[in-house]
Amino acid sequence: MHLPHFLFLAVPLIATITVNAESHVIKFVNQCGFGSPALIQDGTNILVGDEYTTSGPYSGIAYLQTGYCLANGENCTLLEMTMINPTCAGCGSTTDISLIPPHAYSVETSFAYYGGCDGEGKMCSDPDCSEDAFFTSTDYVAQVACQVENVNLLVAFCADASELVLGGSSPSSASPSSVAPLTTGPSEPTTSMTPSSPATSSAPTAPVAPSIPAAPSSPPATPCADDIPSAPGTPTASAKRCRNRPTDTPSLAKREHNVPAARARLRRARFDH
């Protein structure tokens, strides 16, 4: 059985269409520390995560939902985009920021292309960004086009999308869609981690040395055994005995009177021998 000749021609044509299918990545980076990016198509937020990949041309709007934006971005900074491969000169992708009422400035918003026309875009960082946003329908200077096929778009809030693209950090899908503003690393705690020295008032007071009694001017007289009561079971033979000296005048006179007589007897005994 022979297949019709046109079927052999159709297979390469289908393969060529599949390889050259149009696709665009729309990526979001939020460094405001609040709000959620929204990508609206036909009144519905189609954004899941931090990026959306189209399967053909795309036309829609985007904004940072802070709680005050209506479904079509009213009351907030609006970003309008048309992502499409050019079929004629000047018929490619185009993007702009709009503050035409009822839209109004809400947060810093920027965009830039990557994967083609890298870094080309606009940034509106205040309510008077006259050359970077539409305030009337004729402010075409705010519009940025790109004539590269399958070009991608970075939308940044509270950050410069052009700097992120040219720095090579933004197109990575690892970047979160809503992150806190860039800050330096947390400082190392010092005082709270170092135990504080005990206060002077809480330090224990050094004990005061007891006063030493003054030494007596003369050693006390040794008490006599007769004056010390003996403890039960304590021997008294070795105790010091005191000899009572006479203190009365007659006794002293009697002792002095007997001294010469004793000396005379001593001499007499020597002559006898």
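Predicted model only: the values in this text are computed from it and were never measured. Within every chain, residues take consecutive numbers counted from 1 along the sequence as written. At least 70 in pLDDT is required for a residue's local features to be given in this predicted model, at least 80 for side-chain atom pairs to be given and counted, and no such filter applies to totals for whole chains, interfaces and linings, which use all residues. With hydrogens and water set aside, each side-chain value is computed from the structure's full complement of heavy atoms.

**A closer look at the sheet that holds strand β5 (residues 58–65)**
Move 1: Sheet architecture is open: six strands sit in the order β3-β2-β5-β6-β7-β10, paired in antiparallel fashion. Since the sheet does not close on itself, it has two edges, and those belong to β3 (44–45) and β10 (144–146), each with one partner.
Move 2: DSSP-based pairing: two strands are paired if at least 2 bridges between them are found. Each helix corresponds to a stretch of at least 4 residues labelled H or I by DSSP, and each strand to a stretch of at least 2 residues labelled E; elements are numbered beginning at the N terminus. The pairing of strand β2 (residues 36–41) with β5 spans five bridges and is classified as antiparallel. If you follow Pro-37 over to β5, its bridge partner there is Leu-64.

**Looking at the state of the cysteines**
Move 1: Any two cysteine sulfur atoms within 2.5 Å of one another count as a disulfide. Applying the stated criterion across every chain yields a total of five disulfides.
Move 2: Note on cysteine connectivity: Cys-32 is disulfide-linked to Cys-158, with sulfurs 1.8 Å apart. Its torsion about the S-S bond being 95°, the disulfide of Cys-32 and Cys-158 is classed as right-handed. Separated by 126 residues along the polypeptide, Cys-32 in the loop between β1 (25–30) and β2 and Cys-158 in the loop between β11 (152–157) and α2 (161–167) bring together distant segments of the chain.
Move 3: Each residue is assigned to one of three classes by its accessible area relative to the maximum for its type, calculated with a 1.4 Å probe on protein chains only: buried under 20%, partly exposed between the two thresholds, exposed over 50%. For Cys-32, a relative accessible area of 9% puts it in the buried group.
Move 4: With relative accessibility at 28%, the residue Cys-158 sits in the partly exposed group.
Move 5: A sulfur-sulfur separation of 1.9 Å characterises the disulfide bridge that pairs Cys-69 with Cys-76. Here the disulfide of Cys-69 and Cys-76 is left-handed, its torsion about the S-S bond being about -95°.

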